[in-house]
Amino acid sequence: MVHQLLSAPQEIRTDRLLLTPVTPADIDAVHAVFSDARTWTHLPSGRHTAREQTVDLVQRKIGGRVRHGLGSWTVRDAHSGDVLGVGGVDMTAGGVWNLGYRLTPSAWGTGLGTEIARAAMTAAHDTAPGVPVTGRVLTSNPASARVLAKAGLALVWQGTTAAPAPDGAERQVWTDRALTDQQHAWLVANA
């Protein structure tokens, strides 16, 4: 296993963003986003209430990048360098990439989610061309579903699971290609 610090940096620039691998130096900025209740409107139970939750998240993202060659990025404004959130793809236990992002409210509604999603799709296809890119959202979050559609994913399942959903929302699974029965079953069970 190659430690992240020994790997070549994987910096990606888009029109407005600088995407860099998540590092321990990002913990406080990431925690500011993940602990902000506004960023968890659609799933309040996901909010980080302790810094240790963010430390764990960052460590998992670093470990995933080391194991799979790709993982989520710290999302920065390309001009100011300000941290806007976290986004990209992470490999799941179901053998598919999971596309996701969490941005500070000041970045919402500006198309940055789509910009992140498109960069993540390209990076995932370059890293592991045969692995599906998927996304999971709640029906109470139509903006994120639109981002998945704009990135080229299609809705393949909608329903309820054993996990509670806020306000009766249903869960959705999106993908960029056909899934195996095992991948589909894992995504539904973990939607």
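In case you missed it, the structure is sitting above this.
Position numbers for residues count from 1 along each chain, tracking the sequence in the order it is written. Note on the predicted model: pLDDT of at least 70 is required for a residue's local features to be given, and 80 or more for side-chain atom pairs to be given and counted; whole-chain, interface and lining totals, by contrast, use all residues. To obtain the side-chain values, all non-hydrogen atoms of the structure were used and water was disregarded.

A.B. asks: What am I meant to see in the pattern of salt bridges here?
C.D. replies: Pairing between side chains of opposite charge can happen when their charged atoms approach one another. The term salt bridge refers to a pairing of a side-chain nitrogen on Lys or Arg with a carboxyl oxygen on Asp or Glu at a separation within 4 Å. Scanning the entire structure with this criterion turns up 8 salt bridges. As a salt-bridge pair, R16 and E115 come within 2.8 Å of each other at their nearest N and O atoms. Taken together, the residues R16 in the loop between β1 (12-13) and β2 (17-21) and E115 in helix α3 (residues 112-127) connect sequence positions 99 residues apart. The class of E115 is buried, set by a relative accessible area of 14%. A salt bridge links D56 to R60; the nearest nitrogen and oxygen atoms lie 2.9 Å apart. With D56 and R60 both in helix α2 (residues 51-68) and 4 residues apart, this pair spans about one turn of that helix. Elements are defined by DSSP. Helices are runs of H or I of four residues or more, strands are runs of E of two residues or more, and each kind is numbered from the N terminus. We call a residue buried when its accessible area falls under 20% of the maximum for its residue type, exposed when it is over 50%, and partly exposed in between, using a 1.4 Å probe and counting protein chains only.

A.B. asks: I keep staring at unusual backbone geometry and nothing clicks. Help me out?
C.D. replies: Outside of glycine, negative phi angles account for most residues, and trans bonds account for most peptide bonds. Phi is positive for D167, close to 50°, though the residue is something other than glycine. Along the chain, D167 falls in the loop between β7 (154-159) and β8 (171-175).

A.B. asks: Please clarify how the nonpolar core should be interpreted in this entry.
C.D. replies: The nonpolar side chains of soluble globular proteins are, as a tendency, buried together. Formed by 29 residues in total, the largest nonpolar core has its most connected members in V89, W97 and L99. Those elements that provide at least two residues to this core are β2, β3 (73-77), β4 (83-91), β5 (97-103), α3, β6 (133-138) and α4 (142-150). Not counting residues up to four positions away in its chain, the partners in contact with W97 are H68, L70, V89, D90, M91, A124, T127, A128, V131, P132, V133 and T134. The definition of a nonpolar core used throughout is a set of buried Ala, Val, Leu, Ile, Met, Phe, Trp, Tyr and Cys residues joined through side-chain atoms within 4.5 Å. With 10 residues, the next largest nonpolar core counts I27, L57, V58 and V86 among its residues. In this description, contact between two residues means that some pair of their heavy atoms is separated by no more than 4.5 Å.

A.B. asks: Looking at this structure, I do not really get helix α1 (residues 27-34). What am I missing?
C.D. replies: Because each turn of an α-helix spans 3.6 residues, side chains separated by three or four positions in sequence point in the same direction. For α1, every residue scored as buried is listed here: I27, V30, H31, V33 and F34. Seen end-on, α1 carries its buried residues on one side only, within an arc spanning 160°. Among the structural elements, α2, β4 and β5 are those in contact with the buried residues of α1. In this description, the arc belongs to the directions extending from the helix axis to the C-beta atoms.

A.B. asks: Explain the pairing of β4 to me, please; I cannot follow it from the model alone.
C.D. replies: A regular strand carries its side chains on alternate faces of the sheet. With 7 of 9 residues buried, β4 lies mostly within the body of the structure. For two strands to count as paired, DSSP must find a minimum of two bridges between them. Judged from the 4 bridges that link them, β3 and β4 form a sheet pairing that is antiparallel. Bridge pairing links W73 to G87 in β4. The sheet contact formed by β4 and β5 spans 7 bridges and is antiparallel. By the bridge assignment, M91 is partnered in β5 with W97. Between the end of β4 and the start of β5, which pair antiparallel, lie 5 residues, with G95 showing a positive phi angle near 75°.

A.B. asks: Sorry if this is basic, but what is going on with α2 here?
C.D. replies: Helix length check: α2 (18 residues) gives 26 Å between terminal C-alpha atoms against 26 Å at 1.5 Å per residue, within 8%. Residues of α2 that are buried include every one of T54, L57, V58, K61, I62, G63, G64 and R65, and no others. Contacts from the buried residues of α2 go to β2, α1, β3 and β4. Backbone geometry just after α2 places G69 at a positive phi near 80°. Expected span of a helix, by definition, is 1.5 Å for each gap between consecutive residues, and there is one gap fewer than residues.

A.B. asks: Got a minute to help me understand the pairing of β3 in this structure?
C.D. replies: Most of β3 sits inside the fold, with 4 of its 5 residues counted as buried. Taken together, the 5 bridges between β2 and β3 define a ladder with antiparallel strand orientation. Along β3, the bridge assignment pairs L19 with V75. The loop that links β3 with its antiparallel partner β4 comprises 5 residues; one of these, G81, has a positive phi angle of about 85°.

A.B. asks: What is the right way to read the sheet that holds β6 from this model?
C.D. replies: Taken together, 8 strands build an open sheet; the order of strands is β1-β2-β3-β4-β5-β6-β8-β7 and the sheet is mixed. This sheet does not close on itself; its edge strands, each paired only once, are β1 and β7. Bridging between β6 and β8 involves 5 bridges; their strand directions are antiparallel. Looking across to β8, one finds that V137 is bridged to Q172. Those strands touched by α3 are β1, β2, β3, β4, β5 and β6, and its axis lies near 155° from that of β5. Interaxial angles span 0 to 180 degrees and are taken between N-to-C directions of axes, which are lines fitted to C-alpha atoms, for helices over the stretch in contact.

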